[in-house]
Amino acid sequence: MTLASDAAQRRSQSVFLPAPLLGLNTVDAPGIMTPEYALQLTNFLPLQNGLETRGGSLPWAVGLPGDVESVLPWTGGTGHLFAASGGAIYRLPETPDMQVEPIIQLDGFTSNWFQHVNFTNNGGTWLWACNGEDAPAMYNGTEWQRAAITGISGDKQPVHVAVYQNRLFFCVPGSLDMYYLETDAIQGAASKLPLGAYFDRGGEILLLGNVTVDGGYGPDDYLIAVTSEGEIASFKGRNPDSASSGAMVGRFQIARPMGRRSAVKWAGDLVIMTEHGVAGISGMLSNELAGLVQAATEKIQPTWAQLARNGYGRNGWDICVYHRRGLMFLNIPTPYTGSTQYVFNPTTVAWADVAGWEEALCFVEYQGQLLAGMKGRVQLLDVFTNDVKPDGIDSFVGYPVMSRLNQAFVQPAGGGVKKQYTLMRPYVSASVQPQVNMGLNTDNIIKTFSFPRILSPVDDQEGMKWNEYEWNTSVWATSDNSWNLRTRWATSNGVGYSVSVGLEVTANITSATYTGCDLQYIVSNAL
């Protein structure tokens, strides 16, 4: 080889690697994973336009007597917020305030695990909550009271409730019967629909929900009953007392659902967490089964299978739509560490895991905000950039949130030659400069888990300027301090056939969004 050709071969080349917007992938091996996925994605929100660091959290209310296993919003008027803890329901302050003591509203409950709906009739808006062990509780904007329900077999109590065609439908523990009240009624005599003959696998009706499907003749609303064995019955019509105006229209089988709070309404669909994964069921009603076969958890299937094995039968499975972000948050109980959380983008089917909220027991959306019940408190999530947590009995401390990723391995200039990766430059947008650590791993193996800092809130853009600093000893400066790309070149020393970018971002005051990075490298047979 001539000196000229060798010099040409060793010239620096560059490649832009976009952020892994399709999220976490635990299915594909590192050597075959495509660049839009990530090997690790923690505390990043997988949005369509970039990966945004999740917000922090702060207490909405403290001083509750035990685990907050249900957070109950009343949606009438300007709204009220309640929490179930220590066998009682407490009213919480109107806004986050650790100085305002929660006020007890109704006590004497055996369980704090409530399922609830908001139901509007001529008498106003009612928050109707049931736990399967005590008489249901209901709130009309002024006071709480127990609902008087008659007609239930075996002296049982409602455990899951849904609103359909201006009626309350509910199921009871250990039964395949479904019950319903009169139109617009909130209590009184319940009528029974025995469904045991339709469910071959036995078990109990675990949850109820609604689905809206357009079958070609306009949208139709269905009431869905899901059993603990994964059998589904769908009903259509306004009057279940009449065969001419109400009837069961379909029966289906899915994997076993993970709990009574394992379903959530998303647009017209009902999204369910099952042993096999997370999927919507509207496709079954319109004969489009592909939507169910290809579960949303396809790219994290091994991870989901382990979570399902470890957490099946435990309280704490919860799924909540966070409309402001267009995301779903999942709370998953684990055998030893309380809970783990995942965030899911139903539009892009991208996943990420969440760290720092392991105390969460349940999620709820209230007036566009995401909240979680925790031990002795209700926490407002995705605000600011620190997690404010108890540090002792009466003190709270803010802990910075670090977001971390390892992108899929890629092979710039082909996989047949080694490359020396000399420079790297992330693209991070933020109004206040975050701390950014960045590094590389090579040849399909994650060896390095701690990366050098290349951006810091302390220096805030005071980096290496051309012709003023010694070459290769610092990082490049950027031009201004406004909401803009927080980016600069930094040296790297990776050598290998393939490369994976590792990034750690600790946001400062406001969130930060990662959209991709540049890499410079040298190709040479001598490497």
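You'll find the structure just up there.
These numbers were taken from a predicted model, which means no experiment stands behind them.

Q: For this particular structure, what's the right way to read the overall build of the chain?
A: Along the chain, the regular secondary structure elements total four helices and 42 strands. Among the 527 residues that make up the chain, the fraction classed as buried is 54%. Long-range pairs, those at least 24 residues apart, make up 60% of the contacts in the chain with a sequence separation of at least 6. When the accessible surface of the chain is totalled, it reaches about 22,100 Å², and 50% of it is carbon and sulfur.

Q: What is the right way to look at the layout of surface pockets in this model?
A: If you roll a probe as big as a water molecule over the atoms, it shows you where there is empty space left. As a volume, the largest pocket reaches approximately 1,000 Å³. With five residues, the single largest contributor to the lining of the largest pocket is strand β31 (residues 362-366). Counted by class, the lining of the largest pocket contains 20 nonpolar, 11 polar and five charged residues.

Q: Even after reading the chapter, I still don't get the sheet that holds strand β24 (residues 263-266), so can you show me in this structure?
A: Across a sheet, paired strands are connected by hydrogen bonds in the backbone, their directions being either parallel or antiparallel. Strands sit in the order β24-β25-β26 across an open sheet of three strands; the sheet is antiparallel. Strands with a single pairing partner mark the edges of an open sheet, and in this sheet they are β24 and β26 (278-280). The mean inter-strand angle of the sheet, taken between neighbouring strand axes irrespective of direction, is 25°. Sheet analysis places β24 next to strand β25 (residues 269-273), joined by four bridges and oriented antiparallel. Opposite W266, over in β25, you have D269 as the bridge partner.

Q: Help me understand the nonpolar core, please; the structure alone is not making it clear to me.
A: Within soluble globular proteins, side chains that are nonpolar generally end up buried alongside one another. Counting residues in hydrophobic clusters, the biggest one holds 64 residues, and the most contacted among them are W304, F329, L330 and Y514. Those residues in contact with W304, other than ones at most four positions away along the chain, are M273, T274, E275, H276, G277, V278, T297, W317, L330 and I332.

Q: Help me understand the pattern of salt bridges in this model?
A: Close approach of charged atoms lets side chains of opposite charge pair. Considering all chains together, one arrives at 15 salt bridges under this definition. The partner of E52 in a salt bridge is R325, and the shortest N-O contact between them spans 2.9 Å. With E52 in strand β4 (residues 50-53) and R325 in the loop between β27 (318-322) and β28 (327-333), this residue pair connects regions lying 273 residues apart in the sequence. Across this residue pair, the class does not change: E52 and R325 are buried. The salt bridge involving R325 is made with D382; its shortest N-O contact spans 3.0 Å. Here R325 is found in the loop between β27 and β28, whereas its partner D382 is found in strand β32 (residues 369-383), with 57 residues between them in sequence. For the residue pair R325 and D382, the accessibility class agrees, reading buried in each case. Through salt bridges with shared partners, one network takes in E52, R324, R325 and D382.

Q: Looking at this structure, how should I read the pairing of strand β10 (residues 115-121)?
A: Two faces, one strand: in a regular strand the side chains alternate between the faces of the sheet. Going residue by residue along β10, you find Q115, V117, F119 and N121 tucked away on one face and H116, N118 and T120 left uncovered on the opposite face. Remark: two residues form the turn of the hairpin made by β10 and strand β11 (residues 124-130), two consecutive strands paired antiparallel.

Q: Looking at this structure, I do not really get the packing of aromatic side chains. What am I missing?
A: The relative placement of two aromatic rings is captured by the distance of their centres and the angle of their planes. One pass over the full model with this rule turns up 19 aromatic pairs. Sitting above the plane of the Y312 ring, R256 keeps its charged end 4.1 Å from the centroid.

Q: Just to check I follow, could you spell out the environment of G416 for this structure?
A: Note on placement: G416 falls in the loop between β35 (402-407) and β36 (419-430). Between the alpha carbons of G416 and Y497 there is a distance of 7.1 Å; along the sequence they are 81 residues apart.

Q: Hey, could you run me through the state of the cysteines in this one?
A: Chemically, a disulfide is nothing more than a covalent bond linking the sulfur atoms of two cysteines. Throughout the structure, instances matching the rule amount to zero disulfides. Here C130 is not disulfide-linked; the sulfur of C171 is the nearest cysteine sulfur, at 7.6 Å. In this structure C362 is not part of a disulfide, and its nearest cysteine sulfur, from C320, lies 9.5 Å away.

Q: What is the right way to look at helix α4 (residues 301-311) in this model?
A: Note on helix geometry: an α-helix contains 3.6 residues per turn, so any two residues three or four positions apart are oriented the same way. When α4 is considered as a whole, its buried residues turn out to be T303, W304, L307, A308 and G311. Considered in projection along α4, the buried side chains sweep an arc of 130° and stay on one side of the axis. Looking one or two residues past α4, G313 carries a phi angle of roughly 85°, positive in sign.

Q: Looking at this model, I keep getting lost on the sheet that holds strand β8 (residues 88-91). Mind explaining?
A: Overall, antiparallel pairing links the four strands, which are arranged β6-β7-β8-β9 in an open sheet. Taken across any chain shown, the strands that pair with only one partner, and hence form the sheet edges, are β6 (70-74) and β9 (103-107). Geometrically, the sheet is characterised by an average inter-axis angle of 30° between neighbouring strands, direction not taken into account. Taken together, the four bridges between β8 and β9 define a ladder with antiparallel strand orientation. Looking at β9, one finds that R91 is bridged to I103.

Q: What am I meant to see in the pairing of strand β7 (residues 80-85) here?
A: Judged by how many residues are buried, β7 sits mostly within the fold: six of six residues are covered. Neither face of β7 is exposed, since H80, F82 and A84 on one face and L81, A83 and S85 on the opposite face are all buried. Direction of pairing for β6 relative to β7: antiparallel, over a ladder of five bridges. In the strand pairing of β7, P73 is matched with L81. Adjacent in sequence and paired antiparallel, β6 and β7 are bridged by five residues, among which G77 carries a positive phi angle near 55°. The pairing of β7 with β8 spans four bridges and is antiparallel. The residue bridging A83 from the neighbouring strand is Y90, located in β8. Here β7 folds back onto β8, and the loop between the two strands holds two residues, one of which, G86, carries a positive phi near 60°.

Rules and cut-offs
Along each chain, residue indices are assigned from 1 in the same order as the chain's sequence is written. Selection of residues for local features in this predicted model requires a pLDDT of at least 70, selection of side-chain atom pairs for listing and counting requires 80 or more, and totals for whole chains, interfaces and linings are taken over all residues. With hydrogens and water set aside, each side-chain value is computed from the structure's full complement of heavy atoms. Only runs of H or I of at least four residues qualify as helices and only runs of E of at least two qualify as strands under DSSP, and these elements are numbered from the N terminus. The rule is simple: take the accessible area with a 1.4 Å probe, protein chains only, and divide by the maximum for that residue type; under 20% is buried, over 50% is exposed, in between is partly exposed. Any pair of residues with heavy atoms lying within 4.5 Å of one another is described as a contacting pair. Here the open area of atoms and residues is found with the Shrake-Rupley method and a 1.4 Å probe, where only the protein chains shown may cover a residue. Two kinds of site are reported from a 1 Å grid over the protein atoms alone, namely cavities, where a 1.4 Å probe fits but cannot get out, and pockets, open sets with protein on both sides within 12 Å along at least five of seven lines, and residues are called lining when an atom falls within 4 Å of a point. Grid points are joined across faces, edges and corners, and a volume is the space filled by probe spheres set on the points. For this scheme, ten residues count as nonpolar: Ala, Val, Leu, Ile, Met, Phe, Trp, Tyr, Cys and Pro. Four count as charged, namely Asp, Glu, Lys and Arg, and the remainder, Gly too, count as polar. Any two strands with at least two DSSP bridges between them are considered paired. Orientation is described by axes fitted as lines to C-alpha atoms, over the contacting stretch for helices, and by angles from 0 to 180 degrees between their N-to-C directions. Here the nonpolar core consists of buried residues drawn from Ala, Val, Leu, Ile, Met, Phe, Trp, Tyr and Cys, with membership extended through side-chain atoms lying within 4.5 Å. Salt bridge criterion: a side-chain nitrogen from Lys or Arg within 4 Å of a carboxyl oxygen from Asp or Glu. In this analysis, rings of Phe, Tyr and Trp, with Trp reduced to its six-membered ring, are considered paired at centre separations within 6.5 Å, and the interplanar angle assigns stacked below 30 degrees, edge-to-face beyond 60, and tilted for intermediate values. Placement of a positive charge over a ring is assigned whenever Lys NZ or Arg CZ falls within 6 Å of the ring centre and within 35 degrees of the normal to the ring plane. Sulfur atoms of two cysteines make up a disulfide when they are within 2.5 Å. Each direction from the helix axis to a C-beta atom contributes to the arc, which is the arc of those directions.

So, to be careful, I would describe these as geometric facts and stop short of saying anything about function.
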